[in-house]
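Take a look at the letters that make up each chain.
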Amino acid sequence: MVSGLFKQNASPDRAQITIREATRADFDDIYALFQHILKEGSTYSYSAEEMTAERSLQYWMEATGTIASIAEDNGVFAGCSALRPNRTGRAHHVANASFIVHPDHRGKGVGAALGEYTLALARKKGYTNMQFNFVVSANEVAVKLWKSLGFVIAGTLPKGFNHATKGLVDVYIMHRPL
Ligand SMILES: CC(C)(COP(=O)(O)OP(=O)(O)OC[C@H]1O[C@@H](n2cnc3c(N)ncnc32)[C@H](O)[C@@H]1OP(=O)(O)O)[C@@H](O)C(=O)NCCC(=O)NCCS
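The notes below deal with the structure included here. Computed from a predicted structure; not experimentally measured.

Focus on the overall build of the protein
Phase 1: Counting its regular elements, the protein contains four helices and eight strands.
Phase 2: Expressed along its principal axes, the backbone C-alpha trace of the protein runs to roughly 40 × 35 × 35 Å.
Phase 3: When burial is assessed residue by residue, the protein has 48% of its 178 residues classed as buried.
Phase 4: The protein carries 19 positive and 16 negative side-chain charges, and their two centres are separated by 8 Å.

What follows is the structure, encoded as structure tokens:
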């Protein structure tokens with residue numbers, strides 16, 4: 001069940017994580033993190049140049065049905081997620097989501113907390129499935145995290161991503177019922 005605030009205080013070495021719905025005031029943090037990730041070239045397919053502030057605002061917050069959430073670690077911006085319908089019309093029951101954790105806050109459970117929160121939010125919004133269309137196979141932390149949250153690999157797109165340092169690598173479509 002999702003409430004306005006979600007707190008996870010698992011153990012002292014983990015982050016003091018709070019998750020809440022994003023507001024327009026959070027967009028600068030989201031955009032800076034998104035640009036950083038895109039320039040790294042190892043997880044998302046978009047180029048940093050094509051994802052202008054205007055397009056990024058649509059992607060993370062303003063496209064139809066999109067709900068952005070913010071994770072804070074001891075009150076500091078630590079990451080974000082966006083929940084959206086994967087497709088319209090007769091596939092509208094399937095959710096899609098995006099996640100980024102700030103490099104300074106990784107490995108402390110922020111990604112897992114954002115994932116659990118977003119799954120609960122999707123259920124609350126009436127979605128019955130969640131699908132990730134583009135999980136880079138070389139993104140081992142993400143693949144492990146999504147499997148731990150109940151996702152399975154539904155299909156593999158051979159050499160679907162041109163990784164900045166590894167070259168052409170496979171891409172997974174992952175899904176789970178909600
Ligand atoms: C994928 C991502 C969201 C994970 O966020 P995170 O906050 O570091 O994840 P968590 O701390 O919740 O860790 C999740 C699991 O991965 C493991 N993990 C985290 N960082 C790791 C690392 N560098 N090496 C190995 N394992 C790691 C954790 O131990 C944990 O496993 P456990 O539950 O068995 O302990 C984050 O790495 C990220 O933002 N990456 C760039 C953007 C991206 O890839 N988005 C997803 C696209 S599909």
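After that view, the rundown keeps rolling.
What about the site of the ligand?
Phase 1: Not every one of the 19 residues close to the ligand is listed here, only the nearest: Val-101, Gly-107, Gly-109, Gly-111 and Asn-139.
Phase 2: Backbone polar atom of Gly-109 to an oxygen atom of the ligand: 2.8 Å apart, as the coordinates give it.
Phase 3: Within the backbone of Ala-112, a nitrogen or oxygen atom sits 2.9 Å from an oxygen atom of the ligand.
Phase 4: Protein burial of the ligand: of its 940 Å² of free accessible surface, 69% is covered by the chains.
Phase 5: Those elements giving two or more residues to the shell around the ligand turn out to be β5 (94-101), α3 (110-124) and α4 (140-148).
Phase 6: With five residues, α4 is the single largest residue contributor to the shell around the ligand.

What about the pattern of salt bridges?
Phase 1: Summed over all chains, the structure comprises four salt bridges.
Phase 2: Across the pair Arg-55 and Glu-50 runs a salt bridge whose closest N-O atoms are separated by 3.6 Å.
Phase 3: According to the relative accessible area criterion, Arg-55 is partly exposed, its value standing at 40%.
Phase 4: By relative accessible area, Glu-50 is classed as partly exposed at 32%.
Phase 5: The salt bridge involving Lys-108 is made with Asp-73; its shortest N-O contact spans 2.7 Å. Placement of the pair is Lys-108 in the loop between β5 and α3 and Asp-73 in strand β3 (residues 67-73), with a sequence separation of 35 residues.
Phase 6: Of the residues examined, Lys-108 reaches a relative accessible area of 24% and is grouped as partly exposed.
Phase 7: Taking the relative accessible area as the measure of exposure, Asp-73 reaches 4% and is therefore buried.
Phase 8: Bridged by salt links that share partners, the residues Arg-20, Asp-26 and Glu-72 form one connected network.

Topic: the nonpolar core
Phase 1: Ranked by size, the top nonpolar core spans 29 residues in total, and within it Met-130, Phe-132, Trp-146 and Phe-151 carry the most contacts.
Phase 2: Contributions of two or more residues to this core are made by β2 (17-21), β3, β4 (76-85), β5, α3, β6 (129-136), α4 and β8 (167-177).
Phase 3: Examining the composition of this core, we find that seven residues originate from one element, α3, more than from any other.
Phase 4: When residues no more than four places from it in sequence are discounted, the contact partners of Trp-146 are Phe-99, Phe-132, Val-135, Phe-151 and Met-174.

Regarding the packing of aromatic side chains
Phase 1: What the rule picks out here adds up to twelve aromatic pairs.
Phase 2: An angle of 5° between the planes, with centres 5.5 Å apart, marks the rings of Phe-34 and Tyr-59 as stacked. Placement of the pair is Phe-34 in helix α1 (residues 27-40) and Tyr-59 in helix α2 (residues 53-62), with a sequence separation of 25 residues.
Phase 3: Its relative accessible area of 0% is what places Phe-34 among the buried residues.

Observations concerning the packing of α1 against α2
Phase 1: Two numbers describe how α1 lies on α2: the axes approach to 10 Å, and their chain directions differ by 105°. Classed by the angle they form, the pair α1 and α2 counts as roughly perpendicular. Contact with α1, carried on its side by Phe-27, Ile-30, Tyr-31 and Phe-34, involves Ala-53, Ser-56, Leu-57, Tyr-59, Trp-60 and Met-61 of α2 and no other residues of that element.
Phase 2: For the contact of α1 with α2, the residue count by class is nine nonpolar, one polar and no charged.

What counts and what doesn't
Residues numbered from 1 in each chain as written. Predicted model: local features only at pLDDT ≥ 70, side-chain atom pairs only at ≥ 80, totals over all residues. Heavy atoms only, no water. Helix = DSSP H or I, 4+ residues; strand = E, 2+ residues; numbered from the N terminus. Buried < 20%, exposed > 50% of the residue type's maximum accessible area, 1.4 Å probe, protein only. Lys, Arg positive; Asp, Glu negative; His and termini not counted. Charge placed at Lys NZ, Arg CZ, Asp CG, Glu CD. Near = heavy atom within 4 Å. Polar contact = N/O pair within 3.5 Å; in protein donor to acceptor, adjacent residues only side chain to side chain. Areas by Shrake-Rupley, 256 points an atom, 1.4 Å probe, with all protein chains shown as cover. Salt bridge = Lys/Arg side-chain N within 4 Å of Asp/Glu carboxyl O. Core = buried A, V, L, I, M, F, W, Y, C linked by side-chain atoms within 4.5 Å. Contact = heavy atoms within 4.5 Å. Phe/Tyr/Trp six-rings, centres within 6.5 Å; stacked < 30°, edge-to-face > 60°. Axes fitted to C-alpha atoms, helices over the stretch in contact; angles between N-to-C directions. Parallel < 35°, antiparallel > 145°, perpendicular 65-115°, else oblique. Nonpolar A, V, L, I, M, F, W, Y, C, P; charged D, E, K, R; others polar.

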